[in-house]
Every structure is written in C-alpha cells, then in structure tokens.
Amino acid sequence: QVQLVESGGGLAQPGGSLRLSCAASGFTFSSYAMSWARQAPGKGLEWVSGIYNDGSDTYYADSVKGRFTISRDNTKNTVYLQMNSLKPEDTALYFCAKGKKGEVVDVLEEYDYWGQGTQVTVSS
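Residue indices begin from 1 for each chain and proceed along its sequence in written order. Where totals are concerned, whole chains, interfaces and linings use all residues; where local detail is concerned, this predicted model gives features only for residues with pLDDT of at least 70, and gives and counts side-chain atom pairs only at 80 or more. Excluding hydrogens and water, the side-chain values take into account all heavy atoms of the structure.

Asker: Please explain the sheet that holds strand β7 (residues 68-73) as it appears in this structure.
Answerer: Two orientations exist for strands paired in a sheet by backbone hydrogen bonds: parallel and antiparallel. Two strands form a pair only when DSSP identifies at least two bridges running between them. Helical segments are the DSSP runs of H or I of at least four residues, strand segments are the runs of E of at least two, and each set is numbered from the N terminus. Strands sit in the order β1-β3-β8-β7 across an open sheet of 4 strands; the sheet is antiparallel. The open sheet is flanked by β1 (3-7) and β7, the only strands paired with a single partner. Put simply, the sheet's adjacent strands are angled 15° from each other on average, direction ignored. Between the N-to-C directions of two axes lies an angle of 0 to 180 degrees, each axis being a line fitted to C-alpha atoms and, for a helix, fitted only over the stretch in contact.

Asker: It is not clear to me how the state of the cysteines should be interpreted in this structure. Could you clarify?
Answerer: In a disulfide, the sulfur atoms of two cysteines are held together by a covalent bond. Note on terminology: disulfide denotes any pair of cysteine sulfur atoms within 2.5 Å. The tally for this structure, following the rule as stated, stands at 1 disulfide. Shown here is the disulfide that connects C22 with C96, its sulfur atoms set 1.9 Å apart. One quick way to see it: the torsion about the S-S bond of C22 and C96 is about 45°, and its sign makes the bridge right-handed. Here the residue C22 occupies a position in strand β3 (residues 18-25), and C96 occupies one in strand β9 (residues 92-99), the gap between them amounting to 74 residues. Pair check on accessibility: C22 and C96 agree, each one buried. Exposure is judged per residue with a 1.4 Å probe applied to protein chains only, and the accessible area is read against the type maximum: over 50% gives exposed, under 20% gives buried, and values in between give partly exposed.

Asker: What should I look at first to understand the nonpolar core in this one?
Answerer: Generally speaking, soluble globular proteins have nonpolar side chains that are buried together. M34, W36, F68, V79, L81, M83 and Y94 are the most contacted members of the largest nonpolar core, which totals 27 residues. Per-element accounting of this core gives the leading share, 4 residues, to β3. In what follows, a contact means two residues having at least one pair of non-hydrogen atoms within 4.5 Å. Sequence-distant contacts of V79, that is, excluding residues within four places in its chain, are made with L20, S21, C22, F29, M34, W36, I51, I70, S71, R72 and C96. With 6 residues, the next largest nonpolar core counts A33, A61, A97 and Y111 among its residues. What we call a nonpolar core is a set of buried Ala, Val, Leu, Ile, Met, Phe, Trp, Tyr and Cys residues that are connected through their side-chain atoms within 4.5 Å.

Just distances and angles here, no functional claims.
Next up, the structure:
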C-alpha cells in the first residue's frame, strides 16, 4: 500500500532553516509528481510546492518562492523541502502528497495520497 512518511519538522527561529523529508513506498515513485502542502492553525490546507516526476521542473506558491526549495531523489524514493529564511507565518503542519500523474498541479484534489504531516514551528 502507498505510504508517505514525513520527517524533519521542529522548532526554528525566524530567519532559520529546516529540511523536511518524505519517504515514499508502495508505488512507482519516479512516475508521479510530488508536492508539499501545509495547514496553519485555524486555516485551510495550502499547496506550497511541487516537483515533476523526473525532477525536471519545480513550482512554488508565491508565499514561499525564493525561500523554499523542493527536490527529489528517485533512487531513494524521497522528496525534500529545504526551508530557509523561515518566518513565523510558516508555522504549520506540513504534508507531502502524491500526484495522480507526472506533472505538477497546484490543485489539492489532484493528489491522491497524503502523509501524516510534520509540525514546523517558527518562533523566537
């Protein structure tokens, strides 16, 4: 069965960095786009970033562009989110999600499996 397991969350200071990882299993990882989404306290789920199945292209929400970098290692079935210059408004539960095809879309309904999430808290 499909499994997505996130890790790497924690507490960071404003301006700091964290690197999230998502280990995937149960499907042909290199065939599907992967994305990260987040849910801040009291808010809805927000798509953050996505990467094509072969890593050839990446996309970002305006709120994280220039600060976050998504990457993947298809030999390790893992997708990463490097988060730099963190802000308090980045505080959220971060999820990775498997796309239904190789191309990235920023529509949450186009993702069919989700991890359990990893908490990121940005505070001094």
